Amino acid sequence: MKRRDLLKGTLAVGAALALPTRVFASVAPGTPRDRILFDIAKRELLRAGHAIWRQDIVGIADFGLHSAKRRFHFVNLERGEVKSYHVSHGTGSDPQHDGWLKQFSNTEGSNATSRGAYVTWEWYQGRYGTSVRLGGLDPTNDAALRRYIVMHRADYAEPAHIERWGRLGRSNGCFAMGEEQFRIALMHLSGGRLLYADSLGLEEDGSIQPLPELARYERNALQFGPDAAANAF
């Protein structure tokens, strides 16, 4: 689904969504982007149903933005607020390492980020210390568990990496964050909550960030071949 179509659908139905058995706070005044994120969070909770057992906070990873931007949004439906942080994408989604995600993949060994809804599971000790297991809820990410797609901290996801290189480093498809930001995710997003990943490209004013021409060419070449990419311009 194209992200413009997704956002149109979200805006059309978002106001009508009402989650059963919970009463959320009225959305506090915020940016146009925040109001769209609230609608997406409610829509995805409704779609996930009983797979999600804690519905107070939803994480939305917007991989339509450059990795130097704060594109991981904690949408707190009870408090009516959105807080945004950095998150890395996978090497297989950005072979050129320019900070732009060009493709999603659910294939084992792809080292790519996967699109779709996840449920956050328990903590465990792994290669990067404390990490959070994820369960993929869609056909586009249902291999998450056997691909070891998790949330974890990493030095290459620290804001200092952006200051030096102009972008974050890349993961093997995991949602990697800096130390402080991951600690927030660990406390407020684990334990049965929803994490949703897509290429939305939402700026604060609600507009959609278009991919730069070169990144768009690379994305089309990866997905459809170089001839199709050339014909797209």
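Residues numbered from 1 in each chain as written. Predicted model: local features only at pLDDT ≥ 70, side-chain atom pairs only at ≥ 80, totals over all residues. Heavy atoms only, no water.

Colleague: Which parts of the structure should I look at to understand the layout of surface pockets?
Modeller: Rolled over the atoms, a probe as big as a water molecule pinpoints where empty space is left. In this structure, the second largest pocket occupies an estimated 280 Å³ of space. Mapped by element, the contributors of at least two residues to the lining of the second largest pocket are β4 (116-126) and β6 (150-153). The residue makeup of the lining of the second largest pocket, split by class, is 7 nonpolar, 8 polar and 3 charged. (1 Å grid on protein atoms, 1.4 Å probe; cavity = no way out; pocket = protein on both sides within 12 Å on 5 of 7 lines; lining within 4 Å. Points joined across faces, edges and corners; volume = space filled by probe spheres on them. Helix = DSSP H or I, 4+ residues; strand = E, 2+ residues; numbered from the N terminus. Nonpolar A, V, L, I, M, F, W, Y, C, P; charged D, E, K, R; others polar.)

Colleague: I tried to follow the sheet that holds strand β7 (residues 175-177) on my own but got confused; where do I start?
Modeller: Sheets are built from strands paired through backbone hydrogen bonds, the pairs being either parallel or antiparallel. The sheet built from 8 strands is open, its strands ordered β3-β2-β1-β8-β4-β5-β6-β7 with mixed pairing. Of all the strands in the sheet, just β3 (81-85) and β7 have a single pairing partner and so form its edges. On average, adjacent strands in this sheet sit at an angle of 25° to one another, irrespective of strand direction. Where helix α2 (residues 32-48) meets the sheet, it contacts β1 (57-62), β2 (72-76), β3, β4 and β8 (194-198), and its direction lies at approximately 115° from that of β8. (Pairing = 2+ DSSP bridges. Axes fitted to C-alpha atoms, helices over the stretch in contact; angles between N-to-C directions. Contact = heavy atoms within 4.5 Å.)

Colleague: Which parts of the structure should I look at to understand the packing of aromatic side chains?
Modeller: Given two aromatic rings, their pairing is described by the distance between the two centres and the angle made by the two planes. For the coordinates displayed, the defined rule picks out 5 aromatic pairs. For the ring pair F63 and F175, a centre distance of 6.0 Å and an interplane angle of 40° mean the geometry is tilted. In this pair, F63 sits in the loop between β1 and β2 while F175 sits in strand β7, placing the two residues 112 residues apart along the sequence. The burial state of F63 is the same as that of F175; both residues are buried. Aromatic pair Y118 and F175: ring centres 5.3 Å apart, planes at 85°, arrangement edge-to-face. Placement of the pair is Y118 in strand β4 and F175 in strand β7, with a sequence separation of 57 residues. One exposure class covers both Y118 and F175, and it is buried. Through a chain of ring-to-ring contacts, the aromatic side chains of F63, F104, Y118 and F175 assemble into a single cluster. (Phe/Tyr/Trp six-rings, centres within 6.5 Å; stacked < 30°, edge-to-face > 60°. Buried < 20%, exposed > 50% of the residue type's maximum accessible area, 1.4 Å probe, protein only.)

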